[in-house]
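In case you want the letters, here they are:
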Amino acid sequence: MKRANLLISIFFISLLLTACAGKREINDLALVMAVGIDQGSKDGTIKITAQVSRPGDARGQTGAPTGQSGETSWNVEAEGETIFEAIRNLTGISSRRVFWAHNFIIVINEEVAKEGIGHIIDFFTRNPELRMRTLVALTPDKASEVTATITSLEVVPGEALSKLFRYTDISTLAPHTEIKDLLAAYLSESTEPILARLSLEERKIDGLKPEEGAKVKQIELSGAGVFNNDKLVGVLQANELQGIILFRDKIESGVVVVACPKDPKSEISVELNKQTFDVEPMYKNDEVSFDAKLKATITVVEAGCPFSINDKKAIEQIEKSVEVKLKDDINKSIEKIQKEYKADVLELGKVFQNKYPYEWKSMKKDWTNIFSNAEINVSVHANVESGSLLFQPTISGKEERKEE
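First, a word on scope: everything that follows refers to the structure included in this document.

Reading guide: rules and limits
Residues numbered from 1 in each chain as written. Predicted model: local features only at pLDDT ≥ 70, side-chain atom pairs only at ≥ 80, totals over all residues. Heavy atoms only, no water. Helix = DSSP H or I, 4+ residues; strand = E, 2+ residues; numbered from the N terminus. Buried < 20%, exposed > 50% of the residue type's maximum accessible area, 1.4 Å probe, protein only. Contact = heavy atoms within 4.5 Å. Areas by Shrake-Rupley, 256 points an atom, 1.4 Å probe, with all protein chains shown as cover. 1 Å grid on protein atoms, 1.4 Å probe; cavity = no way out; pocket = protein on both sides within 12 Å on 5 of 7 lines; lining within 4 Å. Points joined across faces, edges and corners; volume = space filled by probe spheres on them. Nonpolar A, V, L, I, M, F, W, Y, C, P; charged D, E, K, R; others polar. Axes fitted to C-alpha atoms, helices over the stretch in contact; angles between N-to-C directions. Parallel < 35°, antiparallel > 145°, perpendicular 65-115°, else oblique. Left-handed = near helix turned anticlockwise from the far one by under 90°. Disulfide = S-S within 2.5 Å. Phe/Tyr/Trp six-rings, centres within 6.5 Å; stacked < 30°, edge-to-face > 60°. Salt bridge = Lys/Arg side-chain N within 4 Å of Asp/Glu carboxyl O.

### Focus: the overall build of the protein chain
In step 1: A tally of helices and strands in the protein chain yields 13 helices and 13 strands.
In step 2: Within the protein chain, buried positions represent 45% of all 404 residues.
In step 3: Nonlocal contacts in the protein chain, meaning residues at least 24 apart in sequence, comprise 69% of its contacts between residues at least 6 apart.
In step 4: Here the protein chain has roughly 22800 Å² of accessible surface; of this, 50% comes from carbon and sulfur atoms.

### Some words on the side chain of Ser266
In step 1: Note that Ser266 resides in the loop between strand E10 (254–259) and strand E11 (267–284).
In step 2: Judged by relative accessible area, Ser266 falls into the buried class, the value being 16%.
In step 3: For Ser266, the contacting residues outside a window of four places in its chain are Val258, Ala259, Cys260, Gly304 and Cys305.

### Points about empty space enclosed by the protein
In step 1: With the rule as written, the count across this model stands at 1 cavity of 30 Å³ or more.
In step 2: Put simply, the largest cavity is a space of about 40 Å³.
In step 3: Secondary-structure elements contributing two or more residues to the lining of the largest cavity are strand E5 (105–109), helix H4 (118–126) and helix H7 (179–187).
In step 4: Top element by residues in the lining of the largest cavity is H4. It accounts for 3 residues.
In step 5: Tallied by class, residues from the lining of the largest cavity come to 8 nonpolar, no polar and no charged.

### Concerning the packing of H4 against H7
In step 1: Taken N-terminus to C-terminus, the directions of H4 and H7 make an angle of 125°; their axes are 11 Å apart at the nearest point. What the angle tells us is that H4 and H7 run oblique. In the crossing of H4 with H7, the sense of the turn from one axis to the other is left-handed. Counting all contacts with H4, which are made through Gly118, Ile121, Phe124 and Thr125, the residues of H7 involved are Ile179, Leu182, Leu183 and Tyr186.
In step 2: Class assignment for the residues of the contact of H4 with H7 results in 6 nonpolar, 2 polar and no charged.

### Things to note about the state of the cysteines
In step 1: Scanning the entire structure with this criterion turns up 1 disulfide.
In step 2: Across the disulfide, Cys260 is cross-linked to Cys305 (sulfur-sulfur distance 2.0 Å). Here the S-S torsion is close to -100°, and the disulfide linking Cys260 with Cys305 is therefore left-handed. Of this pair, Cys260 sits in the loop between E10 and E11 while Cys305 sits in the loop between strand E12 (287–303) and helix H9 (312–340), and the two are 45 residues apart along the sequence. Of the two residues, Cys260 and Cys305, neither departs from the other in class, the shared state being buried.

### Here we look at the packing of aromatic side chains
In step 1: Evaluated as defined, the whole model comprises 8 aromatic pairs.
In step 2: Here the aromatic rings of Trp100 and Phe124 are separated by 6.2 Å at their centres, their planes lie at 80°, and the arrangement is edge-to-face. Within this pair, whereas Trp100 is found in the loop between strand E4 (97–99) and E5, its partner Phe124 is found in helix H4, the two being separated by 24 residues in sequence.

### Considerations on the pattern of salt bridges
Two side chains of opposite charge can pair, provided their charged atoms sit close to one another.
In step 1: A full pass over the atoms with the stated rule returns 15 salt bridges.
In step 2: The residue Lys180 makes a salt bridge to Glu178 at a minimum N-O spacing of 3.5 Å.
In step 3: Its salt-bridge partner being Asp329, residue Lys325 comes within 2.9 Å of it at the nearest N-O pair. With a gap of 4 residues between them, Lys325 and Asp329 both fall in helix H9, about one helical turn apart.
In step 4: Taking relative accessible area as the criterion, Lys325 reaches 33% and is therefore assigned partly exposed.
In step 5: In this structure Asp329 comes out as buried when scored by relative accessible area, which is 16%.

Shown next, in the form of structure tokens:
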């Protein structure tokens, strides 16, 4: 009996002792907020820049606590022949263990992306610490500079980069791209990856006169990079992207500017709401084609000319102008990715496969060529809704007084 009690006691004590075996003290960890990937200084090498948060100094933008440096983050670089080797070399510089679970974003230099990002996708999706919802973006600038740029609004640069993507559902400046989306497109038989772009632009950031104010480089969303398999093959600027985002992403809002119905020299701005985009694949006489139909409800949000929501003729003209503008934008974007980049970032191969699984088996090997030559018929239907509080033209009271 005594022997049994002893064994039971040893069993429970061993459980208590092993409960903290895998613990990680926060003071021993270097919490990575952003990662930059550039080409290394030697051919065939890669440079990793890890931005590590300094929690003690991140409490305030100014006035560092006693004994601290005042810098909210620590940017450390290391090179290696592979990503793993470069990151492992960070351990020779960092006094804490590099911890990836809080990373906001991975920024890849476009020269690296042109050579292929298959090894980057493989490394970061194998890493059990990294979240699959981590953002991924390209940059024509040095990734080390982009990840280290301090903005005027956020304390930690990595957090500022992630917050740039907070409102991409009401903007068409860049797509919202996470590593799970990149992996899904990379593993797909037909869909090609598309990644958001970030660029550095010099901007004035204070309220002083233009000639006295400070100008510093700030980061902004600037279109998207298009891939063929894992290599960057082209770029869509922000003004070329709206058609693609309407086609493949569910956005909450967008803006279209068209001419006033009765004054073509002035402009009216409308906001897109409640869009639905239906794509119907067709296969006839060994030819693949698609019918794409966009239905958009729009609201007039700014009129640079006299305009009343009760003017049915003017409403019809605005709807027609918006339909022509959106159709033109979408067709230009489609032509670029179809004819120039030959990259199915619209997931049309997946749509075709779902409807024609048998035919897909014989087509998938030649899908790039089939997609490039497929006919895509786009139709747009826009409908103005009377959601605006302002139904009548905004006319100066002085003008009304003159008329009387």
